[in-house]
Amino acid sequence: MYRIKQGEIRLLFLSVACVFILSLGHAVNSKMLILMAIALFMGMTFFMDKRYFLPIMLFFLPWSPVLKFSPGTHSFYSMIVPCLFMLVILEYFIKNKKYKLKFIFIPLFLSAYTLTIKLVNGIIPGNSHFFFILLIIFIPMYMHKYKDEINFETCVLFITTGVLSACFASKILMTLPHMVGYINVYTWKRMGLTRLSGFYGDANFYSVHILVAIACLLLTLKNTKKTISIMVQLLSIIALIYFGMLSVSKMFILCLVLMGGIWLFCFLIVRQSVMYKLKFLLFSVVILIAFFSSSLFTEQLNQYLIRFSMVSDAQSLTTGRSELVNMYIEYFMGNLNTLFFGMGLSPVYVNGYSSHNTIIQMIYQLGILGSILMIGWWRMVYKGLSNKIKLSFVNSMYLLMIGVAYFLPWLSLEMLYFDEFFYITILVFISKNYLSSSQVVKENEGAVQPLRF
């Protein structure tokens, strides 16, 4: 089991202190406190050891919509990237000259491609396009330099703490009238249904963060031996499930059931003593029964029953998303230029409606050609990160579990313009290394040791 370093604990404490000040600032509507929190965030990100960039960004990811002075303005979460970009790219070119072409060609070509398509369509590049280009140039260089120093369990600790703190804070702050611009609460009074979306405007986005945190905890749980650590992780998972259910998201329940099924299957077939498995399962069942029989989960289960009672066909089951997908497919059939070349990352939608599907969004914005370039970019990042160790069947199933948590929601959300598209995808890649590394350790432990005299 990985031991958290003192420096990481201090950094986590500073992060929690930062969001506490930020929450207090928004609670009392104090621009001074908000400024202090933003300054602390930028200071940590700018002056910290750069290997902690990913854990810090994962911690603040669910907080990004409120890292600003007022609704509708740009978040300082994204604005810090250009500053770091200049530092890292300068250092990269000075110390890694032989890798310049390898990590700069595809990002620059993709940038030039999207810019050209945008200008051909008569659309002026905006801030979202600028940040997208920065990230596709910045990430390969950063990951190449720090890939061996980024620890998955550190990332899990930071994303879990960040998500839970954002869940608690948003539930408290949503009662304040001036926070309406930051926190959307879907209330269908006729049906008696209320959906919480955290600091995001979409309850499904809110639940994606929770699903990823749960999946990461389930991955680390399999390597945890201490009873106290197991209890802390299980309680964290239950708390995350509770907050996820506040979203009343059908996608959340579907992904959670699939993840639970995969994890249980792996747990049962993995090499472990039968007594340990029985104790763990009994302990887990007792905790789950205790919590789910409480009034907290009873209310949320009733909310889900109300929501599922509204389902009558595929259209209502997908909340209109199946019709949107059909609309975009019909558009592609009549507009082959867009199908092959896309719109160039432009804030333009078919008939004014977003597709609510990342795959459709990529084809619409980048075209088939641009999507191939984007896949090539991700392949380059993955190959640069991967430790090249082949996963066993069980660990492949664990990787599938975290894939379900993050990639399955792509069928109901547009991720391309959001920071999640980059940071969480990298987290999934790092989880593969974590699984393969722990696999090697266990193989070595199980190997026959030579006699020593």
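Residues numbered from 1 in each chain as written. Predicted model: local features only at pLDDT ≥ 70, side-chain atom pairs only at ≥ 80, totals over all residues. Heavy atoms only, no water.

1. Observations regarding unusual backbone geometry
Item 1. We note that Asn351 has phi near 55°; this positive angle belongs to a residue other than glycine.
Item 2. Residue classification places Asn351 among the exposed positions, given a relative accessible area of 60%.
Item 3. Here the phi dihedral of His356 falls at roughly 55°; this positive angle occurs in a residue that is not glycine.
Item 4. Judged by relative accessible area, His356 falls into the partly exposed class, the value being 26%. (Buried < 20%, exposed > 50% of the residue type's maximum accessible area, 1.4 Å probe, protein only.)

2. Considerations on helix H2 (residues 31-47)
Item 1. Helix length check: H2 (17 residues) gives 24 Å between terminal C-alpha atoms against 24 Å at 1.5 Å per residue, within 8%.
Item 2. Along H2, the residues that are buried comprise Ile34, Ala37, Ile38, Phe41, Met44 and Thr45. All buried residues of H2 fall inside an arc of 125° around its axis, so they share one side. Facing away from the buried side of H2 by over 90 degrees, the exposed positions are Met32 and Phe47. (Helix = DSSP H or I, 4+ residues; strand = E, 2+ residues; numbered from the N terminus. Expected span 1.5 Å × (residues − 1). Arc of directions from axis to C-beta.)

3. Notes on the environment of Pro140
Item 1. Mapping Pro140 onto the fold places it in helix H6 (residues 127-146).
Item 2. In this structure Pro140 comes out as buried when scored by relative accessible area, which is 3%.
Item 3. With 240 residues separating them along the chain, Pro140 and Met380 place their C-alpha atoms 7.8 Å apart.

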